[in-house]
Every structure is written in C-alpha cells, then in structure tokens.
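Each chain, letter by letter, is given below.
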There are 2 protein chains.
Amino acid sequence: MDLSSFFPYRLAVLAEAVSQSVALVYGSRFALSREEWRVIAALADKGVMRNVHMVDYTTLDKMQVSRAVARLETKGMIAREPDPEDGRGHVLRILPAGRALVRKIVPMVLAREQFLLADLDDAERAVLDRVLAKVMARAKALGEQG
Amino acid sequence: MDLSSFFPYRLAVLAEAVSQSVALVYGSRFALSREEWRVIAALADKGVMRNVHMVDYTTLDKMQVSRAVARLETKGMIAREPDPEDGRGHVLRILPAGRALVRKIVPMVLAREQFLLADLDDAERAVLDRVLAKVMARAKALGEQG
DNA sequence: TATTGTTATACTCTATAACTATA
DNA sequence: TATAGTTATAGAGTATAACAATA
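The notes below deal with the structure included here. Everything numeric in this text was worked out from a predicted model, so none of it was measured. (Residues numbered from 1 in each chain as written. Chains lettered and ligands numbered in written order. Predicted model: local features only at pLDDT ≥ 70, side-chain atom pairs only at ≥ 80, totals over all residues. Heavy atoms only, no water.)

Contacts to DNA strand D come from 17 residues, most closely from N51, S66 and R80 of chain A together with M63 and G87 of chain B. A breakdown of the atoms of DNA strand D within 4 Å of the protein gives sugar and phosphate a share of 58%. Here a base nitrogen of DNA strand D sits 3.0 Å away from a polar atom, N or O, in the side chain of K62 of chain A. Mapped onto the surface near DNA strand D, the elements with two or more residues apiece are α3 (51-58) and α4 (62-74) of chain A together with α4 (62-74) and β3 (86-94) of chain B. Counting residues per element, the surface near DNA strand D draws most heavily on α4 of chain A, at four residues. A class-by-class count of the residues in the surface near DNA strand D yields three nonpolar, six polar and eight charged. (Near = heavy atom within 4 Å. Polar contact = N/O pair within 3.5 Å; in protein donor to acceptor, adjacent residues only side chain to side chain. Helix = DSSP H or I, 4+ residues; strand = E, 2+ residues; numbered from the N terminus. Nonpolar A, V, L, I, M, F, W, Y, C, P; charged D, E, K, R; others polar.)

If you want it as structure tokens, here you go:
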C-alpha cells in the first residue's frame, strides 16, 4: 500500500492543490466562499435559475445553496424572487453588480485553468476529458451502492 | 463560464466522490479519520518513520499529524518513541494491531480503486498517470507564486 | 535564531433534523 | 404525503499563533 501511487490519494492531493489555486482568485481577491462562487458562476452563465436546479447544477446541498444565496443577496450580487409557477420555490437572478464581479473573476480563473493544462497536448486533453467522465460514472455507481 | 466544463470544478467534484467512496471503507467500517488513515497507511508501508517525514509524505500539516498520531497511539495501533538522533523529534512505529487493521482495509480500498479505473484501457491509464503528474507540477508552481 | 511538536483558541464547516409553507 | 427552503444546533474540522524543548 503505497499512498503516493494510490489513485484516490493522488486525485485528492491534486484536486486540493488545484482548488486552492482557483480559490486564491475568487476567495482571497474577491472575498467569495467556494459555495458563493459556484452559485454566482452558475447564475452568470444562465442569467436566471430556479433554486431547485441550483442544487443539482452546483453539486451543493440545499443548505449550502440557501446560505450562499442569502449572502450573495446581502452583498447585492443577486436577487431572489418567488417562483410564480411554484409557491414554495424561488427564482434567482444575477444583478449588474454580480455580473460585473463575475466578469472580473472569470478571465483570471480561466487563465489559471489554461496554465494548469498548458503541458498537455491535444491527445492528452481528449483522454483526460474522457477519463474524468468514465471515473465519475464509476464513482457515482459506488456512491449509490454504499 | 460553464461550471460543468471547467476543469478545476470537474476535478473537485470527482475527487470528492472518489474520496467519499474510499472513506466509506476506512471511515464507516473501521472508524478512522482521513488523517489517521493516511498516517497508518504510510506506516504500514514503511514500518518506521520519523514524524517530520510523515508531514511531507501524507501532505498533512504538523497539527493534523500530531492529532492523528495521538489518536492512533491511544487506540494501540502505533507507538511513538523519542528520536535518538534528534531530541526534538519522534519516531513512529506500527504495532501488530495497527498492521492487522491495515491488512483488513487495504484489499478493500484497492478493490475500490480497481473498480473506479475498470473502464480505462492501458493507454488511458498511462495517459492518466502522466497527466496527473503534469498538472500536479503546474499546480505546485501556482501555489508557490500565489 | 530556527525547528519540532503540542496545546489553545476562535472560527468555520458540516450533518442532522426540526420546522414552515406549498403541492 | 411529499417537496422547497430556512433555521437551529451540536460536532467536527481548520487556521493562527503561542508555547516548550531542542538544535
């Protein structure tokens, strides 16, 4: 059992390092939590989104979304309105201030992504893409059975 | 900015799912924390190890190692002796009970690793191995510059 | 002065569930 | 009965630094 060649360990260490390098941008420079970043990035992409859908899209749970939304609302980045089609739900909308914030962050995180992948050629990128999907499917299967 | 195709996001979600599937073994079935698992797995591999080296090897910080070691010692899994070559340090040694525990866990986590990677052919595994190393090197570079 | 390792503290995060309102 | 969402709370985890012992 050699930790350094154990795939789940290598993946965890890598993901932590990668996450941290991105969090340095949205966190340290723009004072967003990981949850706030995911919610506002999703909203910047979609413009408007039901709260329910946000839970799936960000792979956060409903409490994390609830709190991130509350904070982003306080900061004036997003607005939350009752869903006219379902009295229980809410519709989230990005506000100009939120869009301006995301417009500052996105180029920086995309630049980091490019830097991280810069050593990979096209073939390696294609395999990486496929491998992430395949392993994710397997991990989901494991998660469902326990 | 589409989260679902953003590499750091995909990596984080995958690593979380993979970690959880492994934690289900050492955590739920054998009551070890992630930190304890890393420390005892390292010790099972090396037999004896200086505390200082454990920090590097497990990519945990010194407090996490300190606490994991204390708990494993209480459980009778490992022993901690003063380092004869450095009065400040300690040498960690795995005990029979610890070795027996690791012998039960290792086949189960290796089986999970094989399951996770089962859809990948040899070429894909080789690329995955190379890609993890390349991206890790890049992430370290980013981490060092900030 | 610097390093090893432990402890203290405050803070954040997380998990569980209780709860309201609506379907 | 089930779902959307908020709130409460307790436990775990985290970061920072202070600290003692040794180098």
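Attention shifts here to the sheet that holds strand β3 (residues 90-94) of chain A. All names here are of chain A. The strand order across the open sheet formed by three strands is β1-β3-β2, and the pairing between neighbours is antiparallel. Of all strands in the sheet, those with a lone pairing partner are β1 (48-50) and β2 (78-82), marking the two edges. Averaged over all neighbouring strand pairs, the angle between strand axes comes to 25°, with direction disregarded. With five bridges joining them, β2 and β3 adopt antiparallel strand pairing. Considered in β3, the bridge of A79 is made with R93. (Pairing = 2+ DSSP bridges. Axes fitted to C-alpha atoms, helices over the stretch in contact; angles between N-to-C directions.)

Mapping chain B onto chain A calls for a screw motion: a turn of 180° about the axis and a shift of 0.0 Å along it, with 0.1 Å RMSD after fitting. Taken together, the rotation and translation relating the two chain copies correspond to the operation of a two-fold axis. When the interface residues of chain B are mapped onto chain A, 100% of them again fall at the interface, so both copies present the same face. (Least-squares fit on C-alpha atoms with pLDDT ≥ 70 in both. Contact = heavy atoms within 4.5 Å.)

In this section: the interface of chain B and chain A. Chain B puts 57 residues into the contact, and the matching count from chain A is 58 residues. Where chain B touches chain A, the interface holds ten salt bridges. With a closest N to O distance of 2.8 Å, E124 of chain A and R130 of chain B form a salt bridge. If you look at where chain B meets chain A, you find 22 residue pairs in polar contact (both at pLDDT 80 or more). Of all the secondary structure elements, the ones that give two or more residues to the side of chain B that touches chain A are α1 (7-29), α2 (34-46), α3 (51-58), α5 (96-117) and α6 (122-145) of chain B. Broken down by element, the side of chain B that touches chain A gets its largest block of residues, 16 residues, from α1 of chain B. (Salt bridge = Lys/Arg side-chain N within 4 Å of Asp/Glu carboxyl O.)

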